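This is what each chain is made of:
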Amino acid sequence: MPQVSVVVPVYNAEKYISETLMSIAGQTFGDFDVHVVDDCSTDGSAAIIQQFCTQDDRFHYHRSATNFGGPAGPRNLGVERSSGDYIAFCDADDLWAPHKLELQVSVASENGVDVVSGITRDFPDGKTPEAFEKPQGRIPLSTITHGRLLLKSWIALSSVLVRRSSLVAVGPFNTARSHIAVEDYDMWLRLTERGARVLRVGVPLVHYRKVPTSISAKKFTQIRKALNVIGEDYARRGKAVIYVFLRPVHLALYLGTSAYMRGLRREL
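Along every chain, residues carry numbers that run from 1 in the direction the sequence is written. Side-chain atom pairs in this predicted model are given and counted only at pLDDT of 80 or more, local residue features only at pLDDT of at least 70, and totals for whole chains, interfaces and linings cover all residues. As a rule here, side-chain values come from all non-hydrogen atoms in the structure, and water together with hydrogens is ignored.

S.K.: So what exactly am I meant to see when it comes to the overall build of the protein chain here?
M.R.: Secondary structure counts use DSSP, requiring at least four H or I residues in a row for a helix and at least two E residues in a row for a strand, with both numbered from the N terminus. A count of helices and strands for the protein chain gives nine helices and nine strands. C-alpha atoms define the radius of gyration in this analysis, and the globule rule sets the expected value at 2.2 Å times the number of residues to the power 0.38. In terms of overall size, the protein chain behaves like a compact globule, its C-alpha atoms giving a radius of gyration of 18 Å where 268 residues would be expected to give roughly 18 Å. Dimensions of the protein chain, computed from C-alpha atoms along their principal axes, come out at roughly 55 × 45 × 35 Å. Note on contacts: a residue pair is in contact if any heavy atoms of the two residues lie within 4.5 Å. For the protein chain, contacts bridging at least 24 residues in sequence account for 84% of all contacts bridging at least 6. To be clear on the numbers: accessible area is Shrake-Rupley with a 1.4 Å probe, and residue cover counts the displayed protein chains and nothing else. When the accessible surface of the protein chain is summed, it comes to about 12,000 Å², and 55% of that surface belongs to carbon and sulfur atoms. The distance from the centre of the 32 positive side-chain charges to the centre of the 28 negative ones in the protein chain is 8 Å. Under the convention used here, Asp and Glu are negative, Lys and Arg are positive, and both His and the chain ends fall outside the count. All charge positions are set by atom: Lys at NZ, Arg at CZ, Asp at CG, Glu at CD.

This is how it looks when you write it as structure tokens:
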């Protein structure tokens, strides 16, 4: 069994998937395998992935029986097919720094936490992102609490390394259409609600490709969905009535932090 299993959901990503898989294959940490889940792509994605698998036996191709309509289903399938002690996720158009897994496995092992995330930097589609230098010396770390997550999702999915036992304990990603593009936010809230410990590595580890047609590019729809996910969190804790009055406050906080992080800093 590998120490880390990487799950990559794919749907019609022939333009990007090879570069993404190469960034995973080039990790300085070697004890991992990769489960690429094709959600019934109709372009050339399958051929590219299968060719990659023949060249590197750490990579495994899976194809869903039917299209899930969003990345949550393929991620759940990838988790089911994997066996690593830790699960890492990477979207089909994002890129990892070569030292990502090495750094995060070290942080997770030394601190005994359930989730390790990192900084994700935006780059425009069609441009080559600037390489991230491997940090030397003390690594800056910060704690992501459940309360902090209620302000905004500070955990970028492609930057996550999560302990398998913790992930399985809270159940799968929500595959409902209402949760598309926020299913990961819902997962982090459920994890921290159950007491999962999250550390954020304060150095950039992931290049997030800004693609105008991506699901998360529809910002106002995504914010509305995020507020609904926050409302579900309040309801699980028996505070649904309180959220009726707090929703405008959460909207203002979410908009403000999103504008600062994505608009000014261009990172998460």
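Read on, since the account is not over.
S.K.: Hey, could you run me through the state of the cysteines in this one?
M.R.: Disulfides are covalent bonds that link the sulfur atoms of two cysteine residues. When two cysteine sulfur atoms are found within 2.5 Å, that pair is recorded as a disulfide. All chains considered together, the criterion is met by zero disulfides. Note on Cys53: no disulfide assigned, nearest cysteine sulfur contributed by Cys90 at a separation of 15 Å. In this structure Cys53 comes out as buried when scored by relative accessible area, which is 17%. Only protein chains enter the accessibility calculation, which uses a 1.4 Å probe; a residue is then buried when its area is under 20% of its type maximum, exposed when over 50%, and partly exposed in between.

S.K.: Quick question: what am I supposed to make of helix 7 (residues 183–193) here?
M.R.: For an α-helix the count is 3.6 residues per turn, leaving residues at separations of three or four pointing the same way. A large share of helix 7 lies buried, amounting to ten of its eleven residues. Every buried residue of helix 7 is accounted for by Glu183, Asp184, Tyr185, Asp186, Met187, Trp188, Leu189, Arg190, Leu191 and Thr192. One or two steps after helix 7, the chain reaches Gly195, where phi turns positive at roughly 100°.

S.K.: What should I look at first to understand the pairing of strand 3 (residues 59–63) in this one?
M.R.: Along any regular strand, the residues point their side chains to alternate faces of the sheet. Note that strand 2 (residues 32–38) and strand 3 share five bridges and pair parallel. Residue pairing in the sheet places His35 in a bridge with His60 of strand 3. A clockwise path from the first strand over the helix to the second, with the strands pointing away from the viewer, defines a right-handed crossover. As for the winding sense of the linkage, the β-α-β connection from strand 2 through helix 2 (residues 45–55) to strand 3 is right-handed. Any two strands with at least two DSSP bridges between them are considered paired.

S.K.: Which parts of the structure should I look at to understand the pattern of salt bridges?
M.R.: Pairing of side chains with opposite charge becomes possible as their charged atoms draw close. Whenever Lys or Arg places a side-chain nitrogen within 4 Å of a carboxyl oxygen from Asp or Glu, that contact is recorded as a salt bridge. Taken as a whole and assessed by the stated rule, the structure comprises 13 salt bridges. Residue Arg209 pairs with Glu19 through a salt bridge whose shortest N-O separation is 3.1 Å. Separated by 190 residues along the polypeptide, Arg209 in strand 9 (residues 198–210) and Glu19 in helix 1 (residues 17–25) bring together distant segments of the chain. Given the relative accessible area of 5%, Arg209 is considered buried.

S.K.: Any chance you could explain the nonpolar core here in plain terms?
M.R.: Generally speaking, a soluble globular protein has its nonpolar side chains buried in company with each other. Counting 35 residues, the largest nonpolar core has Val4, Val6, Val8, Ile24 and Leu101 as its most contacted members. For this core, the secondary-structure elements that each account for two or more residues are strand 1 (4–10), helix 1, strand 2, helix 2, strand 4 (86–89), helix 4 (100–111) and strand 9. Once residues lying within four places of it in the same chain are set aside, the contact partners of Val8 are Ile17, Ile24, Val34, His35, Val36, Val37, Cys90, Asp91 and Ala92. Here, the term nonpolar core denotes a set of buried Ala, Val, Leu, Ile, Met, Phe, Trp, Tyr and Cys residues that are joined through side-chain atoms within 4.5 Å. Val7, Ile155, Leu167 and Trp188 belong to the second-largest nonpolar core, a separate cluster that totals 33 residues.

S.K.: I would appreciate a short explanation of a nonpolar patch on the surface in the present structure.
M.R.: A cluster of nonpolar side chains, namely Leu151, Val249 and Leu253, defines an oily patch on the protein surface of about 210 Å² accessible area. Among the secondary structure elements, Leu151 is positioned in the loop between helix 5 (146–149) and strand 8 (161–163). Patch membership requires more than 30% relative accessible area and the absence of a salt bridge. Residues of like charge join within 9 Å; the nonpolar side chains Val, Leu, Ile, Met, Phe, Trp and Tyr join within 5 Å.

S.K.: Looking at this structure, how should I read the side chain of His146?
M.R.: Note that His146 resides in helix 5. With relative accessibility at 16%, the residue His146 sits in the buried group.

S.K.: So what exactly am I meant to see when it comes to helix 8 (residues 219–236) here?
M.R.: Any helix carries an expected span of 1.5 Å times its number of residues minus one. The first and last C-alpha atoms of helix 8 sit 26 Å apart over 18 residues, in line with the 26 Å expected at 1.5 Å per residue. Buried within helix 8 we find Gln222, Ile223, Lys225, Ala226, Leu227, Val229, Ile230, Gly231, Asp233 and Tyr234. Once helix 8 ends, the next one or two residues include Gly238, with phi positive near 70°.

S.K.: Would you take a moment to explain the packing of aromatic side chains for this structure?
M.R.: Aromatic ring pairs are defined here through the distance separating the ring centres and the angle between the ring planes. Put simply, two rings from Phe, Tyr or Trp (the six-membered ring, in Trp's case) pair if the centres are within 6.5 Å, and we call them stacked under 30 degrees between planes, edge-to-face over 60, tilted for the rest. The full count for this structure, using the stated rule, is five aromatic pairs. With a centroid separation of 6.4 Å and an interplanar angle of 80°, the aromatic rings of Phe173 and Trp188 are classed as edge-to-face. You can see Phe173 sitting in the loop between helix 6 (164–170) and helix 7 and its partner Trp188 sitting in helix 7, a full 15 residues away along the chain. Here Phe173 and Trp188 have matching classes, each one buried.

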